[in-house]
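Examination of the molecular architecture
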Amino acid sequence: MPATVVVGTQWGDEGKGKFTDLVAKEMHMVVRYQGGHNAGHTIVVEGETFALQLVPSGVLYDHITPVIGNGVVVHPATLLAEVDMLTSRGIDCSRLRVSGNAHLIMPYHEELDTLTERWLGKNRLGTTKSGIGPTYADKATRVGLRVQDLLDAKIFREKLDIVLKEKNRIFAKVYNRLPVSADDIAGHYLDEYLPRMGPMIADTVSMVHEALDAGSNVLLEGAQATFLDLDHGTYPYVTSSNPVAGGACTGAGVGPRHIDRVIGVAKGYLTRVGSGPFPTEMHGEEADRLIEWAGEFGTVTGRRRRVGWFDVPMLRQAIRLNSISEVALAKIDKLDQFDVLKVCVAYEYEGKRYQYPPYHQSELHKVRPVYEELPGWRTDLSDAEQVEQLPDQARDFVKLISAEARIPIHLLGVGPSRHQFVHLS
Ligand code: IMP
């Protein structure tokens, strides 16, 4: 069976968790392919809210094997706390597997993330300070520790001693900090985390291929989103992995020919946490209203998100970068109270019109969005179940985005709950 990818088309927080959960019903395996506990996926099931950072959303279904793929960076304390939280609420986590090739986030990664942000001052990226960037950096420079290293205490300790020689010089000489103790870290990772994580550690590439060969449905679940991608996002205001659909291949260990469906999740407006260009950003009272109404505060950091109008040039680019086959449009109920809605259909800069974000980022900072304005629907959409129950204005809003981006929109999110969505034909 071919695999399906779910990918965010904006700057994250599009509502991927809800749509992944919805699609997961038909799946046998859900694999997270990148990122770490910087992500926050919220799923509401029968009035109960589950906020997941690391465990794939498929865990909420008994028939699914949830897998943390090799492309993920794993913070063991968060993973175990999440398993405890889920278990205490009656969710069986015994099927959860973690790739032995995934990299471990270590305490010095978290500290370096915080110190670098402080050192960057007003130029800071606005990271989640979870240690994501430093962990992927160590992976690339080949001094990272992998989950499988936990299974060999001697190797774990040797690698830790090697890397700490350099890290502790950096802490002392650059940041005037006390050294990190290898004994303390080994104590936590080998004595505390390993006994609980040991049974989860697996050759997940073989698991994924055995599932595909057996004709099972496999969902590859991305975290963050297209414009936070290390290669294709608004660098340097990006995360340190590849959320784009291509990242699903490296991060789960499948070739592109295994993927035949890519669902792009967009929300009816835009948000961004942290710094970086944002052509359709709202300001003032308009922004305050949407932030309050939509509760746009970060799941992981609690930070107030920046908000903006829907941006079709970005969606067009996301469709190209991910080979998106269909779009799920989330949270359109959050636009219920606007008299007028704006959709950016192109950008203009120095007399030139752009259908896609300009390649040169200095121009992206200066483009002027070209808006189409539509009347708002001023109705509560949260009870809509059928397309016929949607007001004309809401259907026109969706039609405009679909026509401008030339992509079918099959699903609309009208509320946080599992059942609050509308299928469009
Ligand atoms: P990092 O991933 O913690 O290194 O943060 C890099 C950038 O990605 C920052 O602007 C973060 O706010 C942003 N970011 C990371 N994870 C998420 C997410 O799950 N949703 C939205 N933004 C995120």
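A few points on the structure. (Residues numbered from 1 in each chain as written. Predicted model: local features only at pLDDT ≥ 70, side-chain atom pairs only at ≥ 80, totals over all residues. Heavy atoms only, no water.)

A short note on the nonpolar core
To keep things clear, this is the line we draw: Residue types Ala, Val, Leu, Ile, Met, Phe, Trp, Tyr and Cys, when buried and joined through side-chain atoms within 4.5 Å, form a set referred to as a nonpolar core. Each residue gets one of three labels from its accessible area relative to the maximum for its type: buried under 20%, exposed over 50%, partly exposed in between, using a 1.4 Å probe on protein chains only. Labels follow the DSSP assignment, with helices taken as runs of H or I lasting at least four residues and strands as runs of E lasting at least two, numbered in each case from the N terminus. We call two residues contacting when some pair of their heavy atoms lies within 4.5 Å.
Membership of the largest hydrophobic core comes to 74 residues, with the highest contact counts inside it found for Val5, Val218, Leu220, Leu329, Val343, Phe397 and Leu412. With 7 residues, strand E16 (residues 340–349) is the largest single contributor of residues to this core. In this view, valine 5 contacts Tyr33, Leu220, Ala245, Ala248, Ile259, Arg261, Val262 and Ile263; residues no more than four positions away in its chain are not counted. Formed by 44 residues, the second largest nonpolar core is a distinct cluster that contains Val72, Leu112, Val163 and Tyr193.

As for the packing of helix H3 (residues 107–120) against helix H5 (residues 153–174)
The condition that has to hold: Convention adopted: a line fitted to C-alpha atoms gives each axis, helices being fitted over their contacting stretch, and angles between N-to-C directions are expressed from 0 to 180 degrees. Orientation labels follow simple angle bins: below 35 degrees gives roughly parallel, above 145 gives roughly antiparallel, 65 to 115 gives roughly perpendicular, and whatever is left gives oblique. The sense of a crossing depends on the near helix, which, turned anticlockwise from the far helix by less than a right angle, makes the crossing left-handed and, turned clockwise, makes it right-handed.
Look at H3 against H5: their axes get within 12 Å of each other, and the N-to-C directions meet at 25°. Here H3 lies roughly parallel to H5, going by the angle between them. Helix-helix and strand crossings are classified by hand; for H3 and H5 the assignment is left-handed. Contact with H3, carried on its side by Tyr108, Glu111, Leu112 and Leu115, involves Leu160, Val163, Leu164, Lys167, Ile170 and Phe171 of H5 and no other residues of that element.

Some words on the pairing of strand E5 (residues 65–68)
For clarity, the cut-off: Pairs of strands are assigned from DSSP output, requiring at least two bridges between the strands.
As paired strands, strand E2 (residues 29–32) and E5 are joined by 4 bridges and run parallel to one another. By the bridge assignment, arginine 32 is partnered in E5 with isoleucine 68. Bridge count between E5 and strand E7 (residues 97–99): 2 bridges; the pairing is parallel. Following the sheet pairing, isoleucine 68 is matched in E7 by valine 98.

Quick word on the pattern of salt bridges
Filter applied, for reference: Any carboxyl oxygen of Asp or Glu that lies within 4 Å of a side-chain nitrogen of Lys or Arg is treated as forming a salt bridge with it.
Within the structure shown, the criterion is met by 22 salt bridges. Its salt-bridge partner being arginine 196, residue aspartate 84 comes within 2.7 Å of it at the nearest N-O pair. Of this pair, aspartate 84 sits in helix H2 (residues 76–88) while arginine 196 sits in helix H6 (residues 182–197), placing them 112 residues apart in sequence. Taking relative accessible area as the criterion, aspartate 84 reaches 37% and is therefore assigned partly exposed. The class of arginine 196 is partly exposed, set by a relative accessible area of 37%.

Function-wise, these values are silent; they only describe arrangement.
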